[in-house]
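# Tertiary structure, described
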Amino acid sequence: ELGFHGIDLEKWNTSQLQPTIQKLMKGYKCYLRPNFNEGPVEIGMSLDVASIDAISEINMDYTATIFLRQRWQDSRLIFPGNESLTLDGRLVSLLWIPDTFIPDSKRSFLHDVTVDNRLIRIFSNGTVLYALRITATIACNMELTKYPTDRQPCTLQLESWGYNLQDVVFSWTPGNDSVKGLDTLRLAQYSVESYYTSVSEAVYETGTTQTFSSAVSHLKTSSFLLASLILFNAHIKGKAYQQFPPTWAGRVSREPRPMPLVRSRAGHYPKLVLYFFLQRNILFFILETYVPSILLVVLSWVSFWISQSSVPARTCIGQSQTSAGGSGGSREGLETSLPNANCFIKAIDVYLGICLTFVFGALLEYACAHFYTMQHQTIVDVQRELLKEFNESNGNCSIQLILSATPDKGPPQDTQEEAPDQSVQSKGEQPMGKQTSNGCGLSSVKRASRRAVSVMSVENPHNIDRHARTFFPVMFLLVNTFYWLYYLFI
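What comes next concerns the included structure. Being a predicted model, the structure only gives us computed values, none of them experimental.

## Some remarks on the packing of aromatic side chains
A full pass over the atoms with the stated rule returns 22 aromatic pairs. Plain terms: the ring middles of Trp72 and Trp96 are 5.7 Å apart, the flat faces sit at 85 degrees to each other, and that makes the pair edge-to-face. Residue Trp72 is located in strand S2 (residues 61–73), and its partner Trp96 is located in the loop between strand S3 (84–87) and strand S4 (100–101); the two are separated by 24 residues in the primary sequence. When its relative accessible area of 2% is taken as the criterion, Trp72 is described as buried. Of the residues examined, Trp96 reaches a relative accessible area of 3% and is grouped as buried. Relative to Phe476, the ring of Phe358 has its centre 5.1 Å away and its plane inclined at 80 degrees; by these criteria the two rings are edge-to-face. Separated by 118 residues along the polypeptide, Phe358 in helix H7 (residues 347–392) and Phe476 in helix H11 (residues 462–489) bring together distant segments of the chain. As far as the burial class goes, Phe358 and Phe476 line up, both buried. Put simply, the rings of Tyr290, Tyr351, Tyr483, Trp484, Tyr486 and Tyr487 pair up and form one aromatic cluster. In this structure, Arg76 packs its charged tip against the face of Tyr28, placed 4.2 Å from the ring centre. Here the basic side chain of Arg151 rests over the ring of Phe277, its NZ or CZ set 4.3 Å away from the ring centre.

This is the structure in structure tokens:
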């Protein structure tokens, strides 16, 4: 009988034929792990990161699609030859497979288009390759105090659900080379800065057990019941109570003790961890938020070159810049992409606060300059009116008023000016000394008030704008230097 390609099948021994799944599965128990009661099974793992679809700061997680490959050796699946046997993914239920899971996973699923994306390959030496394509949403605790200059460390953990370290042992094959795809990964806001792998273990409460040696003696009545049963059994068999070891009598007559706890490695489970660090791309935020904020601050400095008499122009510039800096569209867009309950101050919040402070400071600068200008103008007007008033009263105290207008030259010599005036009098008029004393008394009050006001006044209010043209840019440059040094390098 000729088979395919004219090969005579009768010349072939059944042992030389390719093994079938029926032969391998004969006597195979999928519910027993390999090396049962002989030692743990060594499972080597490797993975390819196909994509990281989304990174959410609101939910603090990321969604990734990975190809997970697991290798182990099962002596029950050894067959002669040097070839491998590829099985259909639907035959997974016939084989023992590790119970690997992702502990930090929120949602995950196995791709099933067009069939379940599984691969099973059995090698002649009993090595089994089991590959999966998984998409999972995994938690990543983010620290957003340096947002958007932040660097987020995230992890991908693999653990065994039911088998502890006495049953299975996980390992990366081989080392960092077992993780691929992160070097060529392209993300919208992030770039993968670095990554490394580690082998660890997870500890759970399942490893705490209790001994049964003192379980029957937890109550005092149970101790007496046990002693009665032992004595009755000895009497039936014709044995004396003294034949029992003395420790038995002591045990049944003692007070109950608390049951001791025996710690074992039953609660230690294998664990593999992939650490990778995501550096946020700040160029988008520089163009979207930082540059517009800087331009708003620079635009607020234009008011320093506008005349102080142009009140509407300067106030409109200050108010428009303050409102634009406090409720900008870029700020609203950032708030929608961040957690709603912000219990921390982010770096971008600090910078927007700095810009708003400088814009508000420019508005306050004009308020101060305008106040001192009006104050200086008021003093000049009062002096002019007083000078006109006393000049109209026969010029009696004109010299005194002129001298009092310059308080730095000292008080005028009233005694020297009043002596000649008091000697000149005419009929029908009041004495000049009395009129002079009234005028000079009024001027002394005005002079004292001007000295009190001069403490809070500026000699030339226009110098405020001149100094602000240098002070504001220099301070803004210094604050920016400290800001970027702190958030980028510290």
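## Quick look at H11
For H11, which comprises 28 residues, the first-to-last C-alpha distance of 41 Å matches the rise-based estimate of 40 Å (1.5 Å per residue) to within 8%. Maximum bend of H11: about 30 degrees, positioned at Ala468. Turning to H11, its buried residues are Ile464, Asp465, Ala468, Phe472, Phe476, Asn480, Tyr483 and Tyr487.

The rules we used
- Residue numbers here run from 1 along each chain, matching the order of that chain's written sequence.
- With the structure being a predicted model, the display of local features is reserved for residues of pLDDT at least 70 and the display and counting of side-chain atom pairs for 80 or more, all residues being used for whole-chain, interface and lining totals.
- Excluding hydrogens and water, the side-chain figures rest on all heavy atoms present in the structure.
- Put simply, two rings from Phe, Tyr or Trp (the six-membered ring, in Trp's case) pair if the centres are within 6.5 Å, and we call them stacked under 30 degrees between planes, edge-to-face over 60, tilted for the rest.
- Helix numbering and strand numbering both begin at the N terminus, where a helix is a DSSP run of H or I of at least 4 residues and a strand a DSSP run of E of at least 2.
- Relative accessibility decides the category of a residue: with a 1.4 Å probe and only protein chains considered, values under 20% of the type maximum give buried, values over 50% give exposed, and everything between is partly exposed.
- Only Lys NZ and Arg CZ are tested; either one counts as a charge over a ring when it is within 6 Å of the ring centre and within 35 degrees of the ring normal.
- Given a helix with a known number of residues, its expected span is that number minus one, times 1.5 Å.
- Consider a residue and the seven residues that end there alongside the seven that start there; fitting an axis to each set, the bend is the angle between those axes.

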